[in-house]
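# Descriptive analysis of the structure
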Amino acid sequence: MKKQKKKKIRRFYKQSIWPSIVLFLLFIASCVGMVLTFVASFQGYLMDSKIADIHEDARNLGRMIDMHTDNHAAVFDAVTFVKKYLEEENDICITDENDRVLKCFGASEPDFERLQEIKIFDSYRIIPDLDPKRPHEKRMLLTSFMDIAKLSVDALAESGYETDKWMDEPLFHEYYWVQIPADVQGYHLYYKDSLIILQKNVFFMNLAILAELLMLSIPTILLFVNVLSSIRMQKRMISLLYQDSVTGGKNWCYFLEQSRKILCRLRNTNHTYAVVNLHMIRYQDYCACNGVREGEALLKKISGFLQVNMDRGETFARFARADFGLLLRCADAQQCQKRLKKMLVELTGVKKDKMMSFSAGIYLLRPAANRKSLQRRQIDINQTYHFASAARDSMRGKEGEYMKVFDQQILQEQLWKHKVEEKMEAALLNGEFQLYLQPKYHPVTEKILGAEALVRWISEEDGMIPPNRFIPVFEENGFITRLDDYMISEVAKLQSEWKINGQKQIPVSVNISRVHFVKEDLAEHICHLVDGYGADHALIELELTESAFFGNKKLLQTILKKLKMCGFCLAIDDFGAGYSSLNSLKDLPIDVLKLDMDFFRGEDTLQRGEIVVKETIRLAKALDMKIVAEGIEKKEQVEFLAEQGCDMIQGFYFAKPMPADQFNQIMKRETQHT
């Protein structure tokens, strides 16, 4: 779910900004292209028109010379005649077919050695007449718009900003030798002409360009404002998506993204990082006592404290409720623990009038194998945080521990839990959960008076798996309810077989998890399972642990009364293992007390334990309850319990749990003996 949200944020980021930016850049590029095209077109048109005038003058001169030329000698006379009608600067030059100058009429002649400068227009040569005194002056054909504009502005300044005078002044004046198209064989004729561009020729071009720029500036500004608005809106949306609604700081999506960026930076590959699960203990109790608003205010203070204590290249965010995720840079595990210890100590005083406690789980990310390694890019931050959470959970119930580093043992436990959850469904369907029975003996006659049904998981891959390896997992994920139903059905089936075979029937107890006692129809559900095999309700004893008493007591009373009315026998398992309430004996219809085995262990507390056991048996007798002592392993314990009037004993002293077939054989032998 979080990965999908992360992808949506990235997709939103790309779709909301980049199309607008690309569109804006394309529009700017098109505008620049339009302006440049317009300038080039206008400048080209202006130059073409001027050159066309030069061509026309050359053709007119050619026609005049043809009219006055009858032979080769007359060419010179014709040129002399024509020169009289030309301006003084319009020199004429006669060359042979190899462009060797024969005669020039005027003060200058063309330089045919600069052939690379010769331009061809309409099959006629135009040779620039470059003034040696101005070697660096640019020709108009190569002059850019910016050069023209600069020349125009300089001319306006020189004219004293007199517009009329400035408009008629030449902006560009250049001389060219133009080939005259005359019908004279053996000769080439050239005349010197000038190309003049006035200020007014360029002025209107500038006005048109400015008008175009003004027209384009309006949509450009609007589009630019739209892009800025899109960027601002995107940043605001990203900020909202990355904001934690409770603390006002960053949320978990931000933590995942920022952690990934930090770890993937090349300069950080040689550093050790720690992903930390920081947890406030009993936060729910704090909210119950002080209110939800005070609880949220406390979380804000914790968030502010963490913000102050984060170094550069580190980050944190709230994961859920009172759990925070931290990414810390540290040299090794010892330094990380030392720093966290200091933070936890300071956090306990973040609320001066309240004493709080915190715990932390740590998962270390070692430096990458090499700087070019993709090792850091493959890290799943969510998974590493859950490893840190698993390290913290492993301290549950262990007093004095508040910090734990994820290690191989915890990893193996996590892998085992995952393996159990993967195989539990198939194991139930394949009958891998088998019914074992441990007999309950009379302490004096040593006859079997009952039995307790115990489950054993016999796997083809792992062999026999003890209950403490899978029952806690089932209680955590809720599969325990299905396993309990299976065990009740197996016991009912066994009772039915005994009845059909005419064997001696004894009560068999079955453990019922406290998870069941949230269903109002639990009594009806158990009756349905038992009645399916036709078993006697009175021969099935339902054991519940005292942890079930800490839930909804009224609902528990209702369910137990229904079970009692249905004829089932009710027992409290492990009585005295926790903090048993005597009110439970007063308010609940209990038939059997099973004394916890811890009463019979420990040399230092043996005498005090015997006193408690003696008084508990006396109390149970007074309440018309039967007493079962479990976990009995010594003869002295049996003798003591027999003296106190204990009804049944269960433990290794008499027998270990055994398969149902083996138990049946013992029952048959005992029946034959009697």
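The shown structure was predicted, so the numbers you read here are calculated from the model rather than taken from an experiment.

Another point: the overall build of the protein. When helices and strands are tallied, the protein shows 19 helices and 21 strands. Within the span of the protein, comprising 674 residues, buried residues form 44% of the whole. Here the contacts in the protein between residues at least 6 apart in sequence split such that 68% fall between residues at least 24 apart. Here the protein displays about 37,900 Å² of accessible surface, and carbon together with sulfur accounts for 54% of that area.

Spatially, β8-β9-β7-β10-β11 is the arrangement adopted by the five strands of the open sheet, whose pairing is mixed. Taken across any chain shown, the strands that pair with only one partner, and hence form the sheet edges, are β8 (315-320) and β11 (403-405). Averaged over neighbouring strand pairs, the angle between their axes works out to 20° when direction is ignored. Taken together, the eight bridges between strand β7 (residues 272-280) and strand β10 (residues 358-365) define a ladder with antiparallel strand orientation. Within β10, the position partnered with Val275 by the bridge is Tyr363. Running at roughly 5° to strand β9 (residues 323-330), helix α8 (residues 292-309) makes contact with β7, β8, β9 and β10 of the sheet.

This brings us to the nonpolar core. Ranked by size, the top nonpolar core spans 78 residues in total, and within it Phe433, Phe470 and Phe474 carry the most contacts. Among the elements that make up this core, the one with the highest residue count is helix α13 (residues 480-501) (nine residues). Those residues within four positions of Phe433 in sequence are excluded, and the remaining contacts are Met424, Ala427, Leu428, Val455, Arg456, Trp457, Phe470, Phe474, Phe479, Leu483 and Tyr486. Ranked by size, the runner-up nonpolar core spans 33 residues in total, among them Leu278, Val350, Met356 and Ala360.

Quick look at helix α15 (residues 553-565) now. Under the 1.5 Å per step criterion, the end-to-end length of α15 is 18 Å for 13 residues, consistent within 8% with the ideal 18 Å. One or two residues past the end of α15 sits Gly567, with phi positive at roughly 95°.

This part covers unusual backbone geometry. Despite not being glycine, Arg321 has its phi angle at roughly 45°, a positive value. With respect to the helices and strands, the residue Arg321 is situated in the loop between β8 and β9. For Asp624, which is not a glycine, the phi torsion comes out positive at approximately 60°. Looking at the secondary structure, you find Asp624 in the loop between α17 (606-622) and β19 (626-630). Judged by its relative accessible area of 71%, Asp624 is exposed.

The subject of this paragraph is the confidence of the model for the protein. Looking at the protein, the pLDDT average stands at 80 and 81% of residues meet or exceed 70. Scored below 50 in pLDDT, residues 115-124 makes 19 contacts in the model with residues more than four places away or belonging to other chains.

What follows covers the pattern of salt bridges. Scanning the entire structure with this criterion turns up 23 salt bridges. Of the charged contacts, one joins Glu543 and Lys594 as a salt bridge, the two residues approaching to 3.1 Å between their closest N and O atoms. With Glu543 in strand β16 (residues 540-545) and Lys594 in strand β18 (residues 592-595), this pair connects stretches of sequence that are 51 residues apart. By relative accessible area, Glu543 is classed as buried at 1%.

For the rest of this paragraph, the subject is a nonpolar patch on the surface. Together, Phe204, Leu207, Leu210 and Leu213 give the surface a local cluster of nonpolar side chains, amounting to about 380 Å² of exposed area. Here Leu210 is to be found in helix α5 (residues 199-241).

What follows concerns the state of the cysteines. Inspection of every chain in the model, using the stated rule, returns zero disulfides. Its sulfur unpaired, Cys287 is 9.4 Å from the next cysteine sulfur, which belongs to Cys289.

Running from amino to carboxyl end, α13 crosses helix α14 (residues 522-531) at an angle of 40°, the nearest separation of the two axes being 8 Å. By the angle between their directions, the pair α13 and α14 is classed as oblique. Relative to α14, the crossing made by α13 is right-handed. In this structure, α13 contributes Asp485, Ile488, Ser489 and Ala492 to the contact, and α14 contributes His525, Ile526, Leu529 and Val530.

Glancing now at α8. Here α8 contains 18 residues, and its C-alpha end-to-end distance of 26 Å stays within 8% of the 26 Å for a straight helix at 1.5 Å per residue. Looking at α8, one finds that the buried residues are Gly295, Leu298, Leu299, Ile302, Ser303, Phe305 and Leu306. Down the axis of α8, the smallest arc covering the buried residues is 160°, so these residues share one side. The exposed residues of α8 that point more than 90 degrees off its buried face are Arg293, Gln307 and Val308.

What follows is about the packing of aromatic side chains. In total, this model carries 17 aromatic pairs according to the counting rule given. Ring plane angle 75° and centroid distance 5.9 Å describe the contact between Phe433 and Phe474, whose orientation is recorded as edge-to-face. Of this pair, Phe433 sits in strand β12 (residues 433-441) while Phe474 sits in helix α12 (residues 471-477), and the two are 41 residues apart along the sequence. Connected via pairs of aromatic rings, a cluster forms that spans Phe433, Trp457, Phe470, Phe474 and Phe479. One Lys or Arg, Lys250, reaches over the ring of Tyr254 and ends 5.0 Å from the middle of that ring.

Okay, the packing of α14 against α15 next. Contact pair α14 / α15: the axes reach a minimum separation of 8 Å and the direction vectors enclose 35°. Residues Leu522, Ala523, Glu524 and Ile526 of α14 touch α15, and the partners they reach there are Ile559, Lys562 and Leu563. Broken down by class, the residue content of the contact of α14 with α15 amounts to five nonpolar, no polar and two charged.

The next thing to look at is the environment of Leu542. Here Leu542 is to be found in strand β16. Relative accessible area serves as the criterion here: at 2%, Leu542 is assigned to the buried category. As a C-alpha pair, Leu542 and Leu570 span 28 residues in sequence and 5.1 Å in three-dimensional space. Each residue touching Leu542, except ones within four places of it in the same chain, is listed here: Val510, Ile512, Ile526, Leu563, Phe568, Cys569, Leu570 and Ala571.

Parameters and conventions
- Residues numbered from 1 in each chain as written.
- Predicted model: local features only at pLDDT ≥ 70, side-chain atom pairs only at ≥ 80, totals over all residues.
- Heavy atoms only, no water.
- Helix = DSSP H or I, 4+ residues; strand = E, 2+ residues; numbered from the N terminus.
- Buried < 20%, exposed > 50% of the residue type's maximum accessible area, 1.4 Å probe, protein only.
- Contact = heavy atoms within 4.5 Å.
- Areas by Shrake-Rupley, 256 points an atom, 1.4 Å probe, with all protein chains shown as cover.
- Pairing = 2+ DSSP bridges.
- Axes fitted to C-alpha atoms, helices over the stretch in contact; angles between N-to-C directions.
- Core = buried A, V, L, I, M, F, W, Y, C linked by side-chain atoms within 4.5 Å.
- Expected span 1.5 Å × (residues − 1).
- pLDDT = per-residue confidence, 0-100.
- Salt bridge = Lys/Arg side-chain N within 4 Å of Asp/Glu carboxyl O.
- Patch = residues over 30% accessible without salt bridge, like charges linked within 9 Å, V, L, I, M, F, W, Y side chains within 5 Å.
- Disulfide = S-S within 2.5 Å.
- Parallel < 35°, antiparallel > 145°, perpendicular 65-115°, else oblique.
- Left-handed = near helix turned anticlockwise from the far one by under 90°.
- Arc of directions from axis to C-beta.
- Phe/Tyr/Trp six-rings, centres within 6.5 Å; stacked < 30°, edge-to-face > 60°.
- Lys NZ or Arg CZ within 6 Å of the ring centre and 35° of its normal.
- Nonpolar A, V, L, I, M, F, W, Y, C, P; charged D, E, K, R; others polar.

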